[in-house]
Amino acid sequence: MTTIPVAAGWADPQWRSAALDWVTGHLDRHGRRVTGPVQARLRPWSSVWQVPTDARSYWFKANSPGTAYEAVLLAELARRTPGRVLDPVAVDPSRGWSLLPDGGPTLRELAEPGPARWVDVLVAYAELQRELVPAADELVALGVPDQRPAAMPGLLADLLDDRAALLLDAEGEGGGGGLDAATHDRLRAHLPRFAEDCRRLADSGIPASVQHDDLHDGNVFAAADGYRFFDWGDASVAHPFGTLLVTLRSAAHTFSLPEGDPVLVRLRDAYLEPWTDRHDRATLREVAGLAMRVTTVSRALSWRRALDTTDPSRTEYADAVPGWLGELFAPMPV
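Residues numbered from 1 in each chain as written. Predicted model: local features only at pLDDT ≥ 70, side-chain atom pairs only at ≥ 80, totals over all residues. Heavy atoms only, no water.

S.K.: Can you break down unusual backbone geometry residue by residue, with the values?
M.R.: Despite not being glycine, L167 shows a phi value in the positive range, around 60°. Following the sequence through the fold, L167 ends up in the loop between α6 (152-160) and α7 (181-202). The backbone phi angle of D231 is positive, close to 65°, even though this residue is not glycine. Along the chain, the position of D231 falls in the loop between β9 (226-229) and β10 (236-238). (Helix = DSSP H or I, 4+ residues; strand = E, 2+ residues; numbered from the N terminus.)

Written out as structure tokens, the structure reads:
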């Protein structure tokens, strides 16, 4: 298997031995025996192993420090929303380790011809978010990033000062995919408007919840008894509607749909339907548009966390931070 080189740690034999002991120990306690070598996929933000056993495959994930909170979030999601995520075999929050059973085929692997299945997926995901509203403060206390609307103006201002993350040189020019000086100036000038958008989101009456931030067809398991959502390493506590940014863009790409296509409108409205018990549809659509735009900054922050590592392969992905930030001024899917 082709892998990306990583700095000492995940590639270190002692680390691998300790991780394998942890995995086999927990599998033993669940009556499972490892039957062969693991297959590793390495990225700057995680090391993921497929572990063969005498029953089925299991998946071990070690997160980088910037995304290590995923382990404790997985445990909380399983406890608070049973049946909507995989139940971890084990998690070690202090090390950012998790061990999960195989979840079966993803939506992407089903290779269905159209997006209709996403209607049910988005309703199920919205219900998960609604169930987690009371847990927002606790999740932040456990280390899940706080990207609620009130926090976002300060986070954007801080990001605009992070010249390294934005790939800005000493003269303020972007190089190698970095943010150009004109866009940087435009973003600074936009800060008051961004703060106003965030205030409107905070005042919308839609409470914060967990926000996956990378919900596409490769991160949803499709089982006979429902859908299960995984790969929460980009997640934050935020305005829930921000999820629609990546989901609708992914659907548009997969099904070759232009911006504003009726199919994308239908998917947005399907996601919003569970929220109509307390809010009218016109208001929900307006709030969804605001949330998607604000979430372009959330995506940049997610990438900055993921790339907070000395792994030299991070440079392959470094332009994602300025790239997503520049999307603040781009058209939204609907």
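S.K.: Go over the confidence of the model for the protein chain, please, and point to the residues and values.
M.R.: The predicted model of the protein chain averages 93 in pLDDT, with 95% of residues at 70 or higher. This model gives residues 1-8 a pLDDT under 50, and the stretch forms 19 contacts once residues within four places in sequence are excluded. (pLDDT = per-residue confidence, 0-100. Contact = heavy atoms within 4.5 Å.)

S.K.: Outline the packing of aromatic side chains, listing residues and values.
M.R.: Going through the model one piece at a time under the given rule, you end up with 16 aromatic pairs. Through a chain of ring-to-ring contacts, the aromatic side chains of W15, W22, W49, F60 and W97 assemble into a single cluster. Taking the ring centre of W97 as reference, the NZ or CZ of R95 above it sits at 3.8 Å. Seen from the ring of W275, R130 lies directly overhead, with NZ or CZ sitting 5.4 Å from the centre. (Phe/Tyr/Trp six-rings, centres within 6.5 Å; stacked < 30°, edge-to-face > 60°. Lys NZ or Arg CZ within 6 Å of the ring centre and 35° of its normal.)

S.K.: I'd like a description of the sheet that holds β10, backed by residues and values.
M.R.: As summarised here, the arrangement of the 3 strands in space is β6-β10-β7, forming an open sheet in which the pairing is mixed. Of all strands in the sheet, those bounded by a partner on one side alone are β6 (146-147) and β7 (209-211). Looking at chain direction, β6 and β10 are connected through 2 bridges and run parallel. The residue of β10 that forms the bridge with D146 is V237. (Pairing = 2+ DSSP bridges.)

S.K.: An account of the pairing of strand β5 (residues 97-101) is requested, with residue identities and associated values reported.
M.R.: Of all the 5 residues making up β5, 5 are buried; the element is thus mostly covered by neighbouring parts of the structure. Because side chains alternate across β5, one face comprises the buried residues W97, L99 and P101, and the other comprises S98 and L100, equally buried. Pairing analysis gives 5 bridges linking strand β3 (residues 58-63) to β5, with the strands arranged antiparallel. When the bridges of β5 are listed, F60 appears paired with L99. Strand direction decides the pairing type here: strand β4 (residues 90-92) and β5, joined by 3 bridges, are antiparallel. Its bridge partner being in β5, V91 is matched across the sheet by S98. (Buried < 20%, exposed > 50% of the residue type's maximum accessible area, 1.4 Å probe, protein only.)

S.K.: So what's going on with the sheet that holds β4? Which residues, and what values?
M.R.: One open sheet accounts for 5 strands, arranged β1-β2-β3-β5-β4; its pairing is antiparallel. The open sheet has two free edges, formed respectively by β1 (39-43) and β4, since each of these has just one partner strand. If you compare each strand with its neighbour and ignore which way they point, the axes differ by 15° on average. Contacts from helix α1 (residues 13-29) reach β1, β2 (46-51), β3, β4 and β5, with the element oriented near 45° to β5. (Axes fitted to C-alpha atoms, helices over the stretch in contact; angles between N-to-C directions.)

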